[in-house]
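# Structural overview
Each chain, written out:
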Amino acid sequence: MLRENTELKEEIRKVALLNAVQHDGKAQPGPIIGKLLGERQELRTQAKELTALINEILAEVNSLPVEEQKRIVTEKYPQVVEKKKVEEEKHLPPLPNADKYKQIVTRFSPNPDCVLHLGSARAILLSHEYARIYKGKFVLRFEDTDPKVKRPSLEFYDSIRGDLAWLGCKVDEEYIQSDRIPIYYEYAERLIGDGNAYVCTCVPDEFRKLTLLSQPCPCRNLPPEEHMERWRRMLDGSYKEGVAVLRVKTDLNHPNPAVRDWPAMRVIDSQKYPHPRVGSKYHAWPLYNLAAGLDDHLLGITHIIRGKEHLTNGVRQEFMYRHLGWEYPQAIHYGRLKITGAFLSKSKIVAGIRAGEFSGFDDPRLATFAALRKRGITPEAIKKMIVDVGPRPIDATLSWENLYSYNRKILDPTVNRYFFVAEPIKLKVKGIPKVFKAELPMHPEKPEKGTRQHIVTPQGENKEAFFFVTKKDAATMEAGKVVRLMELFNVQIESANADSPVALFTSESYEDVRKAKAQLIHWIPVGDECPCKVVMPDASVVEGVAESLCKQLKPSTVIQFERFGFVRIDNAEEKIVAYYAHK
Ligand SMILES: [Zn+2]
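Residues numbered from 1 in each chain as written. Predicted model: local features only at pLDDT ≥ 70, side-chain atom pairs only at ≥ 80, totals over all residues. Heavy atoms only, no water.

## Describing the overall build of the chain
Helices and strands together make up the secondary structure of the chain, namely 18 helices and 27 strands. Over its C-alpha trace the chain gives a radius of gyration of 34 Å, far above what one expects of a compact globule, namely 25 Å for 583 residues. Projected onto the principal axes, the alpha-carbon positions of the chain cover approximately 105 × 80 × 35 Å. Looking at the 583 residues of the chain, the share that counts as buried comes to 49%. For the chain, restricting intrachain contacts to residue pairs at least 6 apart in sequence, the fraction spanning at least 24 positions comes to 69%. Carbon and sulfur atoms form 52% of the exposed surface of the chain, whose accessible area is close to 27,600 Å². Side-chain charges in the chain split into 87 positive and 79 negative, and the spacing between the mean points of these groups amounts to 2 Å. (Helix = DSSP H or I, 4+ residues; strand = E, 2+ residues; numbered from the N terminus. Rg over C-alpha atoms; globule rule 2.2 N^0.38 Å. Buried < 20%, exposed > 50% of the residue type's maximum accessible area, 1.4 Å probe, protein only. Contact = heavy atoms within 4.5 Å. Areas by Shrake-Rupley, 256 points an atom, 1.4 Å probe, with all protein chains shown as cover. Lys, Arg positive; Asp, Glu negative; His and termini not counted. Charge placed at Lys NZ, Arg CZ, Asp CG, Glu CD.)

## Some thoughts on the packing of aromatic side chains
What the rule picks out here adds up to 22 aromatic pairs. Taking 5.0 Å as the distance between ring centres and 55 degrees as the angle between the ring planes, the aromatic pair formed by Phe 142 and Tyr 157 counts as tilted. Taken together, the residues span a long stretch of sequence, with Phe 142 in strand 2 (residues 137-142) and Tyr 157 in helix 7 (residues 154-166) at a distance of 15 residues. In this structure Phe 142 comes out as buried when scored by relative accessible area, which is 0%. Tyr 157 sits in the buried class, given a relative accessible area of 3%. Among the aromatic residues, those joined into a cluster by ring pairs are Phe 419, Phe 436, Phe 467, Phe 489, Phe 505 and Trp 523. Above the plane of the ring of Tyr 406 lies Lys 409, whose end atom (NZ or CZ) is 5.8 Å from the centre. The positively charged end of Arg 452 is found above the aromatic ring belonging to Phe 419, 4.8 Å away from the centroid. (Phe/Tyr/Trp six-rings, centres within 6.5 Å; stacked < 30°, edge-to-face > 60°. Lys NZ or Arg CZ within 6 Å of the ring centre and 35° of its normal.)

## Quick notes on the side chain of Gln 560
For Gln 560, the location among the structural elements is in strand 25 (residues 558-561). If near-sequence neighbours (up to four positions away) are discounted, Gln 560 is found in contact with Val 415, Asn 416, Arg 417, Tyr 418, Gly 565 and Phe 566.

## Structural notes on the coordination of the zinc ion
The zinc ion binds to the protein through Cys 200 (SG), Cys 202 (SG), Cys 217 (SG) and Cys 219 (SG); the donor distances cover 2.3 to 2.4 Å. Around the zinc ion, the 4 donor atoms sit at angles spanning 104 to 118 degrees, and that spread fits a shape best called tetrahedral. Positions of the donor residues of the zinc ion, expressed as sequence spacing, correspond to C-x1-C-x14-C-x1-C. Of the two residues, Cys 200 and Cys 202, both sit in the buried class. (Donors = N, O, S within 2.8 Å, 3.2 Å for Na, K, Ca; no water. Tetrahedral: all angles 85-135°; square planar, octahedral: opposite > 155°, others 65-115°.)

## A short note on the sheet that holds strand 18 (residues 482-485)
Within the open sheet, the 7 strands sit side by side as 21-18-19-20-14-17-22. Their pairing is mixed. In this open sheet, the two strands that pair with only one neighbour each are strand 21 (519-521) and strand 22 (524-525). Sheet topology note: the strand 14 (residues 424-430)/strand 20 (residues 502-507) ladder contains 3 bridges and is parallel. Among the inter-strand pairings, Lys 428 is bridged to a residue of strand 20, identified as Val 502. (Pairing = 2+ DSSP bridges.)

## Re the packing of helix 2 (residues 29-39) against helix 3 (residues 47-62)
Interhelical geometry of helix 2 versus helix 3 gives an angle of 130 degrees and a closest axis separation of 11 Å. The angle between helix 2 and helix 3 falls in the class oblique. The way helix 2 lies across helix 3 gives a crossing that is right-handed. Facing Pro 29, Ile 32, Ile 33, Leu 36 and Leu 37 of helix 2, the residues of helix 3 in contact are Leu 50, Thr 51, Ile 54, Asn 55 and Leu 58. Broken down by class, the residue content of the contact of helix 2 with helix 3 amounts to 8 nonpolar, 2 polar and no charged. (Axes fitted to C-alpha atoms, helices over the stretch in contact; angles between N-to-C directions. Parallel < 35°, antiparallel > 145°, perpendicular 65-115°, else oblique. Left-handed = near helix turned anticlockwise from the far one by under 90°. Nonpolar A, V, L, I, M, F, W, Y, C, P; charged D, E, K, R; others polar.)

## Describing helix 10 (residues 224-236)
The first and last C-alpha atoms of helix 10 sit 18 Å apart over 13 residues, in line with the 18 Å expected at 1.5 Å per residue. Listed in full, the buried residues belonging to helix 10 are His 227, Met 228, Arg 230, Trp 231 and Met 234. Along the axis of helix 10, the buried positions cluster into a sector of 165 degrees, meaning they face one direction only. Lining the buried residues of helix 10 we find helix 8 (181-193), strand 4 (197-200), strand 5 (245-248), strand 6 (263-267) and strand 7 (284-286). Gly 237 lies just past helix 10 and shows a positive phi near 85 degrees. (Expected span 1.5 Å × (residues − 1). Arc of directions from axis to C-beta.)

## What about the environment of Leu 504?
Residue placement: Leu 504 occurs in strand 20. For Leu 504, a relative accessible area of 34% translates into the label partly exposed. Put simply, Leu 504 and Val 491 are 13 residues apart on the chain and 5.2 Å apart in space, counted from C-alpha to C-alpha. In contact with Leu 504, not counting residues within four places along its chain, are Val 429, Lys 430, Asn 490, Val 491, Gln 492 and Glu 494.

## Some words on the sheet that holds strand 7
Across the sheet, 4 strands lie side by side as 4-5-6-7; this open sheet has antiparallel pairing. Two strands lie at the open edges of the sheet, namely strand 4 and strand 7, each paired on one side alone. Adjacent strand axes in the sheet meet at a mean angle of 25 degrees when their direction is disregarded. Relative to strand 7, strand 6 runs antiparallel, the two sharing 3 bridges. Bridging across to strand 7, Val 267 finds its partner in Ala 284.

## Regarding the pattern of salt bridges
Counting across every chain of the model gives 42 salt bridges. A salt bridge links Lys 308 to Asp 395, with the nearest nitrogen and oxygen atoms 2.9 Å apart. Separated by 87 residues along the polypeptide, Lys 308 in the loop between strand 8 (303-307) and helix 12 (311-324) and Asp 395 in the loop between helix 15 (379-389) and strand 11 (396-399) bring together distant segments of the chain. For Asp 395, a relative accessible area of 44% corresponds to the partly exposed category. One connected set of salt bridges, linked through shared partners, spans Arg 107, Arg 141, Glu 143 and Asp 296. (Salt bridge = Lys/Arg side-chain N within 4 Å of Asp/Glu carboxyl O.)

## Re helix 6 (residues 121-133)
With 13 residues, helix 6 ought to run about 18 Å at 1.5 Å a step, and its terminal C-alpha atoms sit 18 Å apart, in line with that. Judged by how many residues are buried, helix 6 sits mostly within the fold: 12 of 13 residues are covered. Residues of helix 6 that are buried: Ala 121, Arg 122, Ala 123, Ile 124, Leu 125, Leu 126, Ser 127, His 128, Glu 129, Tyr 130, Ala 131 and Ile 133. One or two residues past the end of helix 6 sits Lys 135, with phi positive at roughly 50 degrees.

## Details of the nonpolar core
Among the nonpolar cores identified, the biggest contains 51 residues, and Leu 118, Phe 369, Ile 382 and Leu 403 are the most heavily contacted of them. For this core, the secondary-structure elements that each account for two or more residues are helix 6, strand 2, helix 7, strand 9 (330-334), helix 14 (369-375), helix 15, strand 11 and helix 16 (400-411). At 8 residues, helix 6 tops the list of elements feeding residues into this core. Apart from the residues within four sequence positions on either side, Leu 403 is in contact with Leu 118, Leu 372, Ile 377, Ala 381, Ile 382 and Met 385. Counting residues in each nonpolar core, the second largest holds 38 residues, with Met 234, Val 248, Tyr 282 and Leu 299 among its members. (Core = buried A, V, L, I, M, F, W, Y, C linked by side-chain atoms within 4.5 Å.)

None of this, on its own, says anything about what the molecule does.
Okay, structure coming up:
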């Protein structure tokens, strides 16, 4: 009986092949039987016959070479292979109801009223990453319809585009809401005409009181023609700012009063508050839920990935979607991501820069992408951190140290090492028996990266040479103590004067001092240095000297100053200027 069911045989073959490629070419009968019985309850009465059939097909599948099994799977069941890949990649959970859509479209929608910072990383990177995983589209939408309070500024459109490019997020389509005002007007009129929106001229406090009692305001039940007339007055500027507001009808009994008849359009004195892109052209401006809600549908967004503070907005917008006969996109609300110690208030950042408190948007004290970039924090580290946190709805707290640890894992295996002597002190070493050529590896684990060399030539009858060492190392020196100048030789401190210490050459081999656990200190021969300053994350400056070789480093190169930390070279012209990333 079952033997004649070709559709069932084909299904068994498929399950067997998929199982085989997962088990080095040898499919296991147990999981296959389990899967089929789980999916097709009608087979349970014929388990014996089914097992016999499965064993037969399994024998045939298992006789094929693995390569052949893989070829068949990729050719016949590409969607299964693709789905598996999606699920495995980057540990991100699959998007809900992805199968419902021909193409996945996500968006990032910033207000260009400031540069972007770490607080936006999750919305950007998750939206972009999902679009890429599903071979979909990533839309950038500038939400710039508040020329008054969250006023956009022209410079930020470009800096946001630049930040996204730096993060590796390719924008497939870009929209600017201030270009789309006539579209919002068109839908506002449709909502008014259908009796689903009305122009309310009540004093806000009065309206609020009535709403709290689930009472309609006197405007709500006036005929649509009256509202259309009021709407025209909103458009032509006859209504002054604050006098009239367009509201979308919801349920006045909705348990959350903030959802009841939410404001969708308002009047702004555009002479007083011209928009940086469209000037004083419009009096009526869409509010967030109208513009974002309409655009999500009109731009074909399938999945909205946003913080859970938007949950109520979703509820508000769903009323508008119902009025328009639209289906709301899939919304994924992630929890709050707190980054301890990061300064993330956009208005305070802007105000601080205007007041001269910060040097600019890339001030190292800020958590803007511009500042992170300047410090040598890689976009890969930010991405890895965000993908690991994922779109979970629970709140998460990260620290700078978390980000640094991701970044360190990326930088440590690759970047070159150099010496930087902070607050340099001159150490005199006497009794150097010969000319020494120190070969310092560019990277301790990567000999193929080559070496940097320093030649130490003793001078005078004392056979002496001078080295820059850090003030901190000099302070720990004690007469009689042996220290090793890294990769060079061992010296014994003769005089530990903090400003001009003197030491005696003792021997060359590290073995001689390894057991005694002699301190290893870094150094630069006097005469082989170049001035260097490092700007720290708190904007303080550490002055010192670096190996002269560093002068050849191109701006934006990230290196490790040994025993100091990872830094990004900002400028290497006369004096090296570097920004500190982390230990
Ligand atoms: Zn009213």
